[in-house]
Amino acid sequence: MESLAQLEALCERLYNSQDSAERAHAENTLKCFSMNVDYISQCQYILDNALTPYALMLASSSLLKQVTEHTLALQLRLDIRNYIVNYLATRGPKLQPFVIGSLIQLLCRVTKFGWFDDDRFRDVVKESMNFMSQATSDHYAIGLKILNQLVSEMNQPNPGLPSTHHRRVACSFRDQALFQIFQISLTSLRQLQNDDVNRLQELALSLSLKCLSFDFVGTSIDESSEEFGTVQIPSSWKPLLEDPSTLQIYFDYYAITKPPLSKEALECLVRLASVRRSLFTNDAARSKFLAHLMTGTKEILHTGQGLADHENYHEYCRLLGRFKVNYQLSELVNVEGYSDWIRLVAEFTTKSLQSWQWASSSVYYLLGLWSRLVTSVPYLKGDAPSLLDEFVPAITEGFITSRFDSVQAGFPDDLSENPLDNVELLQDQLDCFPYLCRFQYERSSLFIINIMEPILQTYTEKARVQTSAKSELSVIEAKLAWIVHIIASIVKIKQSTGCSAESQEVFDAELSAHVLQLINVTDLGLHSQRYGELSKQRLDRAILVFFQNFRKSYVGDQAMHSSKQLYARLSELLGLHDHLLLLNVIVSKIATNLKSYAESEEVIDHTLSLFLELASGYMTGKLLLKLDTVKFIIAHHTEQFPFLEEYRCSRSRTTFYYTIGWLIFMEDSAIKFKSSMEPLLQAFIRLESTPDAMFRTDNVKYALIGLMRDLRGIAMATNSRRTYGFLFDWLYPAHFPLLLRGISHWTDTPEVTTPLLKFVAEFVLNKAQRLTFDSSSPNGILLFREVSKLIVAYGSRILSLPNAADIYAFKYKGIWISVTILTRALAGNYVNFGVFELYGDRALADALDIALKMTLSIPLADILAFRKLTKAYFAFIEILFNSHILFILNLDTNTFMHIVGSLESGLKGLDTNISSQCASAVDSLAAFYFDNITMGEAPTSPAAINLARHIADCPRLFPEILKTLFEIVLFEDCGNQWSLSRPMLSLILVGEQIFTDLKAQILASQPADQHQRLSLCFDKLMVDVTRSLDSKNRDKFTQNLTLFRNEFRVK
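Just so it is clear, the structure is predicted and the values come from calculations on it, not from any experiment.

*Asks:* I tried to follow the overall build of the chain on my own but got confused; where do I start?
*Replies:* For the chain, the count of helices and strands is 55 helices and 0 strands. Considering the chain as a whole, with its 1051 residues, one finds that 54% of them fall into the buried category. By sequence separation, contacts in the chain at least 24 residues apart represent 76% of the contacts at least 6 residues apart. A total accessible area of about 45000 Å² is found for the chain, and carbon and sulfur atoms account for 52% of it. Here the chain carries 100 positive and 115 negative side-chain charges, and the mean point of each set is 3 Å from the other.

Shown next, in the form of C-alpha cells:
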C-alpha cells in the first residue's frame, strides 16, 4: 500500500506543483502508465483503491492515451468500457468534476474506436438513459454529460484515426443514434423547464446545440468563423421539426433563463432558422415554421428581454441575420404580422446604431439582413408591400451618423479599438452597406454630401491657419476618413438593380468629386505638417482605398466605354474629363505620399501596392507612361523619396523598384533602362571603391541592404528574355564581385545576407523562360559559376560560426535561401551540367557539396519544424535524385541512409506538394536500381556498385518505404495518389519478394473474415502489369491502384 501512497504524492505533484522541474520529473516517472500496455491492470487497481482525485485522473488519462494510441484486443476494450460504466454508476456522484469528465471522455473514445467492432459498444445511449432514470440529479447529470461528450467525440476527427474511418463512424452514429439523442435532449428540457437545477438545464441545452451543430454531411464547417451555410438535418427528423413545440421550447428557455444559458437557447434557434428548406413537407409547413420564428423574435423585440446582455444581443442579431439567408423576401412579406416585424427590426437596428459603442460588431449582421432584403426587391412579385422604402433610408442615415458620433466621442486610446486602423476588415464590414445606399441612391448621396460639405469647408479653412488645436483637427480627419471609406465602399459595387445605370453614375461622380476635392486640400498648408499624426495617416489610407475601388470600377480597360456619364459629370464639376487626368490625380497623390511619409510603414506599403496595381494593369500601365509625374519618378527615383533612406521601410524598397521596373520595361528600350539604372550604378561604384578595411561599417551595411532590395525589385519585374537580358548584361561581369565581397564580409549578419541571397534567388529563377540565352552564349554556365562561388563562400563561412540564440534567423534562413538558389539554378534548364566534369571545373561539385553539408548540419526535426526550410530542403533533394543521382549514390552509406530516411518523413507529412516531391525522388532511386541492378547484368558502373552496397547494408530500406506508401494510399486520405503510385510500381518491381512479404503483413493486420476478399484485391492490383517502367505500364498500374484502393476500403 505504501507504493500507492507514493504514487498519489507523485500525481499531486504532477497536477499541482508550481515547480516545472518537479512536474517534469513526476511526468517522466509516471509516463509508463500511458505508454506500456501491461500497465492497464494497474490503472484499474488505482481507480479501485486510490483516494486522491489526482491519482484517479492519472489512471483515467493514461487509459485514454492507451486506447487512442494502441490497438488493444477487443475483449480488453469491452472490459474497460463495462468497467467505466459501472464505476460511474457506483462512484460517479462522489467524484470530482474533472475526474468524471476524463472518465466519460475515455468511455466515448472507446465507443467511437470500437463502433464497428462489436454492437455492444453502441449500447452507450441506452446506458445513459439508465443513468437519467435514477432518482438522483447527480446520476441524471452524468447521463447528460455522457451524451454531450459522445456527440462531440463523434463529430471531432481524432489524430490516430484516418479521416475516412472517422466519417464512416460519424455517419453510422448520425443514422443510428443522433436523432434519439436529440429527442432525449428535448424531453429533458421539457422535464427540467420548471426545475431550478441550473446545471441540468445547461447540460440539456448544450446537448441540443451539439446535436444541431453536428456535421451531418461531412463538410467540416470551420467552427472559428461565425457564418455557416444551411444545416443539413436528415429527413427522418422532419416530424420533430414541424412540431411547433420544438421551436417553442427554445424560445421558452430564452425567456426563463439567464446568460449564458439564454445565449445557448438563441444559438439553437440560429441553427433551426438555418435548416435546409427541402426538409419541410410543403411550402405551407415551411411558412408555418417561418411564422413561428417571426412571432418568437417579435416577442423578444416587444419585451426587449435579455437583450441588455452583450452575448445575447450578439446572438440575437445573428438570428435576425439568418432570416434572409434561408428565406426569400416573398416568403417573409406573405407572413401574417410581417409589417409589425419589419417595423420592430428597423427600430431595433436604429437603436443599435445609436448605441454603437456597445453593439459595434453585431450591427453588421443587421446591416447584412437589410442589404439582402433590398437586393431582393426587384424580384418581389405580388401585391404584399415590402415596406422597405419606409425604413432603409433612415437606417442608412443612422449608420453614417453613428460613425460620426463615435468619432466625436473619441475612441479609447487603445489603438486596437479603432476600426479605421484595420482597413481590410473595415472594407469587409462595409461590404453590405452600398446596397442600402443605392436602394434610394439620390436621397442617400444627398445626405452624405450635405454631411460632408461643412466638414470639408472647415478642413479647407484649417489649411490656411498657422496653428490649430490638434484634437479638433484629429476629429475632423477621423470624420472625413469615415466618409471616404463609405464612399469607397459605394464606388466598389458599381450598381445594384432597380434604377438606371446613368443616374447611378451621376451620383457616383458627385460623391467622388467630393473626395477628389478633399485630396486637393490634404497636403496643403498646415496639413502638410501632420504626417506624423495617426488621424492624418488614417485619412490617407482611406483615400488610398477609395482610389483602389474607383480604379477597379472606373479606370482602365473595361471601364472605358461604360462610364461616359461619370466623366461627363466630373468634367462639369472638376474639369476631369477622361481617365488620363484622373490617373494624374491618383499618381500625384502617390508621389506626395511617398515623398512625405517616412514615419508610417502602413501608408507607404499601402501607397506602393496601389502604385503597383496601376503599373501592372495593361491599360493603366500604358497610360501611366504618358504622365509627367511618372516620368519624373522614374528619372529621380533615389533623391526624391525619403522613405528609401529609412531602414524601417527598407522592405518597401523591393515593391517600389518592382513597380519602377514594370514601368521601365514597358518601353522595352535599352537606353531608357541604362539611364534609369544610373543611381543604382553610382551605388555600386561607391561600394566597389570602398577598401576592405572600411567594408564593415554601418554606412556600407545599409547601402548594401538597400541596393540588394532595389535590385530584387528590378529583377522581379523582368518577365521576358529581352528585359532579363538588359539586367544580366548590366550586372555581369562588372558587378558580381561585389556580391561575393558582401557575402564574404557580412556572413554573420543576416540583415545583409538575407536580402543579398534573396536577390540572387530571384535572379537565377527561370520564370516565363526569361533565362534563355543564345545557343552560342556561355552565359548560363558563367551565371552558374558565379552562383556556385556565392554559395560556397556563404556555406563554408556560416558552417564555421557558432549557433546563436535565434538559430532560425541566424543560420537556417540563410541556408534555406542558399539551397533554394541552387535548386532554382539546377532546375532552370539553362546550364548543361555535363560540361563541368568534362572540363574539370569544380563549380558544380563544390556547390552540391556545400549545399549538402549545410542541409546535413540541421537536425531533421528542425527541418520539418520550419515550413520554409522544409519546402527548400525537399525541393533540393528531389532535384538531386532526379538530375544528379550519381552524386547521391557516391555518398557514404550513413549519409545516404539519412537522406532516404528523410524522404520517408516527407512522405508521411501533411503537405501533398512535399510528399509528391519525396515520391518522385524515391521513384528515381528505385527506377535506377531496377534499370541498372535488377534488370542489368552484374552492376558495372561505380554508382550502381555503390547503390548495391548501400542496399545490401540496409536490406529493410525499400520494404519500409513501400510499406509506408501502401499505408498512406490504403488508410489515409491522400490528394496525390497519382504521384504516390509511381514509386510504388518501381519498388514492387525491384524485388518481388518485398511485395509478397508486405501483402502478408497487411492481410495479417486486417480481420480474419476479410482475408479472402482482400487477397483477391491484391491479385487484381498486378493484372496486366508487366516488368517494365515505361509510361504505358505505369499508367496501367496507377489505374489498378485506384480500383484496388476503392475495393480494399469497402467494409
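On we go.
*Asks:* Would you explain the packing of aromatic side chains in this entry?
*Replies:* Given two aromatic rings, their pairing is described by the distance between the two centres and the angle made by the two planes. Here the structure, examined in full by the defined rule, presents 52 aromatic pairs. A centroid spacing of 5.6 Å and a plane angle of 85° characterise the contact between Phe 643 and Phe 656, whose relative ring orientation is edge-to-face. Taken together, the residues Phe 643 in the loop between helix 33 (628–635) and helix 34 (652–666) and Phe 656 in helix 34 connect sequence positions 13 residues apart. With respect to class, Phe 643 is no different from Phe 656; both count as buried. Cluster of aromatic residues (ring-pair linked, three or more members): Trp 115, Phe 173, Phe 179, Phe 182, Phe 214, Phe 216 and Trp 237. We note Arg 403 situated over the ring of Trp 482; from NZ or CZ to the ring centre the distance is 5.3 Å.

*Asks:* Please clarify how the state of the cysteines should be interpreted in this entry.
*Replies:* One pass over the structure, following the stated rule, counts 0 disulfides. Take Cys 317: it sits in no disulfide, and the sulfur closest to it among the cysteines is that of Cys 432, at 13 Å. Residue classification places Cys 317 among the buried positions, given a relative accessible area of 0%. Residue Cys 1017 stays outside any disulfide, its sulfur separated by 16 Å from that of Cys 974, the closest cysteine. On the basis of relative accessibility, which here comes to 3%, the residue Cys 1017 falls in the buried class.

*Asks:* Even after reading the chapter, I still don't get the confidence of the model for the chain, so can you show me in this structure?
*Replies:* Atom-level detail of predicted coordinates should not be read off regions where pLDDT is low. Scored by pLDDT, the chain has a mean of 89; 96% of the residues are at 70 or more. By mean pLDDT, helix 28 (residues 559–562) is the weakest element of the chain at 63, and helix 40 (residues 750–763) is the strongest at 97. Low pLDDT, under 50, characterises residues 221–226; the stretch is placed with 6 contacts to residues that sit more than four places away or in other chains. Taken together, the stretch residues 412–416 has pLDDT below 50 and engages in 4 contacts with residues farther than four places along the chain or on a different chain.

*Asks:* How do you make sense of the pattern of salt bridges when you look at a structure like this?
*Replies:* It is possible for side chains of opposite charge to pair when their charged atoms get near one another. With the rule as written, the count across this model stands at 48 salt bridges. For Asp 175, the salt bridge goes to Arg 174, with nearest N and O atoms at 2.9 Å. Put simply, Arg 538 and Asp 421 hold a salt bridge, and the shortest N to O gap is 2.7 Å. Here Asp 421 lies in the loop between helix 21 (388–409) and helix 22 (423–429) and Arg 538 lies in helix 27 (residues 534–554), a separation of 117 residues in the sequence. The class for Asp 421 is partly exposed, based on a relative accessible area of 28%. Bridged by salt links that share partners, the residues Arg 277, Asp 283, Arg 286 and Glu 331 form one connected network.

*Asks:* Can you help me understand the side chain of Ser 445 in this one?
*Replies:* Among the structural elements, Ser 445 can be located in helix 24 (residues 441–464). Among the residues examined, Ser 445 registers a relative accessible area of 1% and is labelled buried. Apart from the residues within four sequence positions on either side, Ser 445 is in contact with Phe 507 and Leu 511.

*Asks:* I keep staring at empty space enclosed by the protein and nothing clicks. Help me out?
*Replies:* For the structure shown, the criterion picks out 1 cavity of 30 Å³ or more. By volume, the largest cavity amounts to about 40 Å³. Looking at the largest cavity, the residues that line it are Ile 815, Trp 816, Val 819, Thr 855, Ile 858, Ile 863, Leu 869, Ala 872 and Tyr 873. Going through the elements one at a time, helix 42 (807–827) and helix 46 (867–883) are the ones with two or more residues in the lining of the largest cavity. Partitioned by chemical class, the residues of the lining of the largest cavity number 8 nonpolar, 1 polar and no charged.

*Asks:* Would you explain a positive patch on the surface in this entry?
*Replies:* Together, Arg 651, Arg 867, Lys 868 and Lys 871 give the surface a local cluster of positive charge. Mapping Arg 651 onto the fold places it in the loop between helix 33 and helix 34. With relative accessibility at 62%, the residue Arg 651 sits in the exposed group.

*Asks:* Quick question: what am I supposed to make of unusual backbone geometry here?
*Replies:* Note: most peptide bonds trans; most residues except glycine with negative phi. Cis peptide bonds are those with omega within 30 degrees of zero, and the linkage from Pro 259 to Pro 260 qualifies with 0°. You can see Pro 260 is positioned in the loop between helix 13 (244–256) and helix 14 (261–273). With omega at 0°, the peptide bond leading from Tyr 732 into Pro 733 counts as cis. Its place among the elements puts Pro 733 in the loop between helix 38 (721–731) and helix 39 (736–745). At Leu 387, a position not held by glycine, the phi torsion is positive, near 60°.

Scoring rules and cut-offs
Residues numbered from 1 in each chain as written. Predicted model: local features only at pLDDT ≥ 70, side-chain atom pairs only at ≥ 80, totals over all residues. Heavy atoms only, no water. Helix = DSSP H or I, 4+ residues; strand = E, 2+ residues; numbered from the N terminus. Buried < 20%, exposed > 50% of the residue type's maximum accessible area, 1.4 Å probe, protein only. Contact = heavy atoms within 4.5 Å. Areas by Shrake-Rupley, 256 points an atom, 1.4 Å probe, with all protein chains shown as cover. Lys, Arg positive; Asp, Glu negative; His and termini not counted. Charge placed at Lys NZ, Arg CZ, Asp CG, Glu CD. Phe/Tyr/Trp six-rings, centres within 6.5 Å; stacked < 30°, edge-to-face > 60°. Lys NZ or Arg CZ within 6 Å of the ring centre and 35° of its normal. Disulfide = S-S within 2.5 Å. pLDDT = per-residue confidence, 0-100. Salt bridge = Lys/Arg side-chain N within 4 Å of Asp/Glu carboxyl O. 1 Å grid on protein atoms, 1.4 Å probe; cavity = no way out; pocket = protein on both sides within 12 Å on 5 of 7 lines; lining within 4 Å. Points joined across faces, edges and corners; volume = space filled by probe spheres on them. Nonpolar A, V, L, I, M, F, W, Y, C, P; charged D, E, K, R; others polar. Patch = residues over 30% accessible without salt bridge, like charges linked within 9 Å, V, L, I, M, F, W, Y side chains within 5 Å.

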